[in-house]
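# Coordinate analysis (summary)
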Amino acid sequence: EGGREVNQDLLDQPFDYIFFTGGTTVGKLVMEKAAKNLTPVTLELGGKSPCIVDETADITVSARRIIWGKLLNAGQTCVAPDYVLAHESIYDRLIEQMKKYIVGFYGERPLQDGNYPKIINEKHYDRLTSLVEASNVIYGGGMNPDTCQIEPTLIQADWDSEIMKDEIFGPLLPVLKFSNLREAADAIKDRPKPLALYYFTTSAAGKDFVTRNISYGGGCINDTIVHLANPNIPFGGVGASGMGSYHGKESFKTFSHRKSVLEKKNWLDLPIRYAPNSPRDLKLLKFLMK
């Protein structure tokens, strides 16, 4: 709890295991430090978790669950939907429904709602406000520097937008259009592997395609966030979003070493295992070891 400098010094110690949750930049530092002592690590790093909404989805339910998941702790969760990929045929309807649920959850003036969270500190507040100022805001965008709060903000974006470069970790939600599910999947695969992926659909073929063809840590079909709360399934990242997993039984495995011990009896001691070995002994040994 002593801050980054103290923690870096601690990482020089030969721990049995290091578990880290945080950003990719610090995750690389943790892994570099751990490597010097050959210390195993579990890294849960986050990333830009996509939320795909196709043309078959229930738009009302999709909007409600996306906004709920995005605005938990004002978007400051590692598995928050980072951006929405909406099929072009339902893009406008989804935007309108998301606006509806922002108002429904936090009112017309979210910054005056006592239940609406703050940004963790001024550094991250300034980072988020600079993203808002560089974006095409569809809805929201209001800020209060005195309380470090930013309104839920919907943003029209494309893959080259500034806000699409790094994990947002705040109440800003870029919405992009797609026309073909395979193209959307390819665009996601062209970028670092996300910690979570959410897919809203009623298409069995679509579910099969997305789960089989995109690599990500974990996620939900027709919901957001809730896979994290299930203690019976492992939670963790892959690639740039982390390594290793935990929760439930997986936590026990993560923090345990399975020590193997073989005990032999003394009454049986085959002489053919010992040198010198004849060609016949070697042939018999190969047969026994098959």
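Before going into details, it helps to say that this report is about the structure given with it. Keep in mind the model is a prediction, meaning the values are calculated, not measured. (Residues numbered from 1 in each chain as written. Predicted model: local features only at pLDDT ≥ 70, side-chain atom pairs only at ≥ 80, totals over all residues. Heavy atoms only, no water.)

Note that soluble globular proteins tend to have their nonpolar side chains buried in a common cluster. In this structure, Ile52, Val53, Val84, Leu94, Met98 and Leu172 are the most contacted members of the largest nonpolar core, which totals 61 residues. Take this core: its biggest share by element is seven residues, from helix H4 (residues 91-106). Sequence-distant contacts of methionine 98, that is, excluding residues within four places in its chain, are made with Ala63, Ile66, Ile67, Leu154, Leu173 and Val175. Core analysis: the next-biggest nonpolar cluster, separate from the first, contains eight residues, Leu11, Ile18, Phe20 and Val41 among them. (Core = buried A, V, L, I, M, F, W, Y, C linked by side-chain atoms within 4.5 Å. Buried < 20%, exposed > 50% of the residue type's maximum accessible area, 1.4 Å probe, protein only. Helix = DSSP H or I, 4+ residues; strand = E, 2+ residues; numbered from the N terminus. Contact = heavy atoms within 4.5 Å.)

What follows deals with the packing of helix H6 (residues 181-189) against helix H7 (residues 204-213). Relative orientation of the contacting elements H6 and H7 amounts to 20°, with a least axis distance of 11 Å. By the angle class used here, H6 and H7 are roughly parallel. For H6 against H7, the interelement crossing comes out right-handed. Residues Leu181, Arg182, Ala185 and Lys189 of H6 form the contact with H7, whose participating residues are Gly206, Phe209, Val210 and Asn213. (Axes fitted to C-alpha atoms, helices over the stretch in contact; angles between N-to-C directions. Parallel < 35°, antiparallel > 145°, perpendicular 65-115°, else oblique. Left-handed = near helix turned anticlockwise from the far one by under 90°.)

Quick look at unusual backbone geometry now. Looking along the chain, the bond that leaves alanine 275 and enters proline 276 is cis, with omega of -5°. In this model, asparagine 73 sits at a positive phi of 55°, which is unusual for a non-glycine residue. Structurally, asparagine 73 is set in the loop between helix H3 (59-71) and strand E4 (83-87).

The next subject is the sheet that holds strand E5 (residues 136-139). Taken together, the seven strands give an open sheet; going across it, the order is E5-E8-E9-E4-E3-E10-E11, and neighbouring strands pair in mixed fashion. The open sheet terminates on both sides in strands that have one partner only, identified here as E5 and strand E11 (218-221). Here the strands of the sheet are splayed against their neighbours by 25° on average, with no regard to which way each runs. With three bridges connecting them, E5 and strand E8 (residues 153-156) associate as antiparallel partners. Counterpart to asparagine 136 in the pairing with E8 is glutamine 156. (Pairing = 2+ DSSP bridges.)

Read across the sheet, three strands follow the order E1-E2-E12 without closing on themselves; strand pairing throughout is mixed. Either end of the sheet is taken by a strand with one partner, and the two such strands are strand E1 (18-21) and strand E12 (242-243). One ladder, built from four bridges, connects E1 with strand E2 (residues 41-44); its direction is parallel. Its bridge partner lying in E2, isoleucine 18 is registered against valine 41. Against the sheet, helix H2 (residues 24-36) makes contact with E1, E2 and E12, and its axis sits at roughly 170° relative to E1, the strand it touches most.

Burial analysis of E4 places five of its five residues in the buried class, which makes it a mostly covered element. Pairing analysis gives four bridges linking strand E3 (residues 50-53) to E4, with the strands arranged parallel. By the bridge assignment for E4, isoleucine 52 is matched with leucine 85. Regarding the hand of the β-α-β motif, the stretch spanning E3, H3 and E4 is right-handed. Judged from the four bridges that link them, E4 and strand E9 (residues 172-178) form a sheet pairing that is parallel. Across the sheet, residue alanine 86 finds its bridge partner in E9, namely lysine 177. (Right-handed = clockwise from strand over helix to strand, strands pointing away.)

In the structure shown here, the tally under the stated rule is eight salt bridges. Aspartate 208 serves as the salt-bridge partner of arginine 212, at 2.6 Å between the closest nitrogen and oxygen. Taken together, the residues arginine 212 and aspartate 208, both in helix H7 and four residues apart, mark about one turn of the helix. Given the relative accessible area of 66%, arginine 212 is considered exposed. (Salt bridge = Lys/Arg side-chain N within 4 Å of Asp/Glu carboxyl O.)

Next up on the list: a nonpolar patch on the surface. On the surface, a nonpolar cluster with roughly 850 Å² of combined accessible area is contributed by Trp267, Leu268, Leu270, Leu284, Phe287, Leu288 and Met289. Along the chain, the position of tryptophan 267 falls in the loop between helix H8 (249-254) and helix H9 (279-288). The exposure class assigned to tryptophan 267 is exposed, which follows from its relative accessible area of 71%. (Patch = residues over 30% accessible without salt bridge, like charges linked within 9 Å, V, L, I, M, F, W, Y side chains within 5 Å. Areas by Shrake-Rupley, 256 points an atom, 1.4 Å probe, with all protein chains shown as cover.)

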